[in-house]
Amino acid sequence: MKRIAILGSTGSIGTQTLSVLEKLEGFEVVAMSCGHNFSLFEEQISKLRPRFAASVGRCERLIDKFSEITFFSGESGIEEMLEASEVDYAVIAVSGATGLRFSLKAAEVAKRICLANKESLVCGGELLMKRCKEKSVELIPVDSEHSGLFQLIEGGIRPEKIFITASGGALRDREISQMQNASLRDVLNHPVWSMGSRVTIDSASMVNKGLEIIEAHYLFGYEERDIETYICRNSYIHAGVSFADGMVKLHVGIPDMRVPIAYSLTYPYRERILDHEEVTSVSLKLEPIKSERYPALCLARAICGRLSEQIAFNAADEIAVEAFAQERIRFGDIYNIIEKTVSAFRDQKPVDYSQILEIDRLARKLARKEVQKCY
Ligand SMILES: NC(=O)c1ccc[n+]([C@@H]2O[C@H](COP(=O)([O-])OP(=O)(O)OC[C@H]3O[C@@H](n4cnc5c(N)ncnc54)[C@H](OP(=O)(O)O)[C@@H]3O)[C@@H](O)[C@H]2O)c1
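A few points on the structure. (Residues numbered from 1 in each chain as written. Predicted model: local features only at pLDDT ≥ 70, side-chain atom pairs only at ≥ 80, totals over all residues. Heavy atoms only, no water.)

Section: the overall build of the chain
And step 1. Within the chain one finds 17 helices and 12 strands.
And step 2. For 375 residues, the compact-globule estimate of 2.2 N^0.38 gives 21 Å, and the chain sits close to it at 20 Å.
And step 3. With respect to the principal axes defined by its C-alpha atoms, the chain has extents near 55 × 50 × 40 Å.
And step 4. A buried classification covers 57% of the 375 residues belonging to the chain.
And step 5. Across the chain, the fraction of contacts at a sequence separation of at least 24, relative to all contacts at a separation of at least 6, is 65%.
And step 6. Roughly 16,800 Å² of accessible area belongs to the chain as shown, and the carbon and sulfur atoms make up 48% of that amount.
And step 7. Taking the 47 positively charged and 53 negatively charged side chains of the chain as two groups, their mean positions are separated by 2 Å. (Helix = DSSP H or I, 4+ residues; strand = E, 2+ residues; numbered from the N terminus. Rg over C-alpha atoms; globule rule 2.2 N^0.38 Å. Buried < 20%, exposed > 50% of the residue type's maximum accessible area, 1.4 Å probe, protein only. Contact = heavy atoms within 4.5 Å. Areas by Shrake-Rupley, 256 points an atom, 1.4 Å probe, with all protein chains shown as cover. Lys, Arg positive; Asp, Glu negative; His and termini not counted. Charge placed at Lys NZ, Arg CZ, Asp CG, Glu CD.)

This is the structure:
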């Protein structure tokens, strides 16, 4: 039995992880955490009865109701839960930069991290990779593109270049002039994936693809210029690698996050999660990305490998996306807020978690000011 902790069990990746685990044998969920969605969390813990549970907000009702479960609260409580639960695997399905602190803790106490939280690498850079290496902890990506790259790269001759795909998001067929004022409803209407709200909005702006280029840079050690991006409208091609002799290998499959989630849990083995796809009906087509449509993608490329700017990029996006989700700013404002925030954090080189946290705090403060200027 592998003992598992699922952090962010109430989110899109968290709930899909639970549905995958219903099909897998040999796993015991011993620890779960949520943010503030207590009604869903209650359903989950009453079904699974983990030994440990944690939430960002404190919920007395759950603590009273499930007296046999040891509860923790606050972000530090989630870390305490990880420490107490002695898990083999930690699934980091929390959204946002805060995921880094949980990934770093998991790298101390678990044997494998199943990493959905891309911000852990964008904001932590080498820090998380080094900690995993020092502690011999396996870091298995959950992001579908990075799971694809992991499967293509592992164990063979090192490819010269790698690429990841984007669906193009909800605004892929809009005129550029119409993108600036796109409504929240339009932006949340993703053509392929059903995901959490931030990652859906980030898909339309391609901030998400920018974060993923940075994620790939740290996970696989490629320079930004060797990480290409294409649009694959149906998201069947997740990733590809090309070799010195001109050969290309593609990673192709049904766009369903349960597959990479399951692989991160069962690696190096595979289990039946979905039925086989009828491949003859699937179009495998890649299109170039028009960079003029996606300034945030260009900015992410420019700052890839520069940690302070990456932290500021992510922090500003979190603040701007929150404001857009509350319909306080226009879609087009998101990029301007990110760009202004990032430009204030050049040439800083954070070396530990406390310095990362400080840059993140200052960047959020600046981004909030930029949001206010948009009113
Ligand atoms: N969704 C996808 O298909 C997908 C694909 C690839 C990668 N990812 C990445 O996976 C991560 C999670 O994405 P998602 O779409 O699943 O997000 P989501 O649906 O918004 O879920 C986020 C989860 O994190 C919890 N949470 C929020 N703030 C927290 C905090 N400060 N401390 C602890 N827990 C907190 C939430 O709790 P409550 O809801 O209870 O408040 C929820 O359980 C992101 O980094 C995303 O980029 C997602």
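Side note on helix α1 (residues 12-21)
And step 1. Counted residue by residue, α1 has seven buried out of 10 residues, so it is predominantly covered.
And step 2. Buried residues of α1: I13, G14, Q16, T17, L18, V20 and L21, and no others.
And step 3. Residues of α1 that are buried in the fold lie against β1 (2-7), β2 (27-34), α2 (38-48), β5 (89-92) and α13 (258-266).

A closer look at the side chain of R293
And step 1. Note on placement: R293 falls in the loop between β12 (287-288) and α14 (295-303).
And step 2. Buried charged residue R293 carries no salt bridge. Nearest counter-charge: E175, at 6.3 Å.
And step 3. A polar atom in the side chain of R293 sits 3.2 Å from the backbone oxygen of R172.
And step 4. If we ignore the near neighbours within four places in the chain, the residues touching R293 are L171, R172, D173, R174, E175, I176 and M179. (Salt bridge = Lys/Arg side-chain N within 4 Å of Asp/Glu carboxyl O. Polar contact = N/O pair within 3.5 Å; in protein donor to acceptor, adjacent residues only side chain to side chain.)

Examining the sheet that holds strand β3 (residues 52-55)
And step 1. Spatially, the seven strands line up as an open sheet ordered β4-β3-β2-β1-β5-β6-β7, and their pairing is parallel. The sheet terminates laterally at β4 (70-73) and β7 (138-141), the two strands that pair on one side only. Each strand of the sheet is rotated relative to its neighbour by a mean of 20°, with strand direction disregarded.
And step 2. In this structure, β1 lies alongside β2, joined through six bridges in parallel fashion. Within β2, the position partnered with I4 by the bridge is V29.
And step 3. The strands touched by α2 are β2, β3 and β4; relative to β2, the strand with the most contacts, the crossing angle is about 160°. (Pairing = 2+ DSSP bridges. Axes fitted to C-alpha atoms, helices over the stretch in contact; angles between N-to-C directions.)

Topic: the site of the ligand
And step 1. Near the ligand you find 27 residues, and of these T10, H36, E75, E119 and D143 are the closest.
And step 2. Here an oxygen atom of the ligand and a backbone polar atom of S12 are 2.9 Å apart.
And step 3. Measuring from an oxygen atom of the ligand, one finds a backbone N or O atom of G196 at 3.0 Å.
And step 4. Contact with the protein chains removes 84% of the 900 Å² of surface that the ligand exposes when unbound.
And step 5. Of all the elements in the fold, those that place two or more residues in the shell around the ligand are α1 and α4 (75-85).
And step 6. Looking at the shell around the ligand residue by residue, the classes come out as 11 nonpolar, 12 polar and four charged.
And step 7. Taken domain by domain, the shell around the ligand gets at least three of its residues from each of domain 1 (2-141) and domain 2 (144-255 + 263-298). (Near = heavy atom within 4 Å. Nonpolar A, V, L, I, M, F, W, Y, C, P; charged D, E, K, R; others polar. Domains from an automatic or database assignment.)

Focus: a nonpolar patch on the surface
And step 1. Together, V248, L250, V252, L284 and L286 make up an exposed nonpolar region whose accessible area comes to about 380 Å².
And step 2. When you line up the elements, L284 lands in the loop between α13 and β12. (Patch = residues over 30% accessible without salt bridge, like charges linked within 9 Å, V, L, I, M, F, W, Y side chains within 5 Å.)

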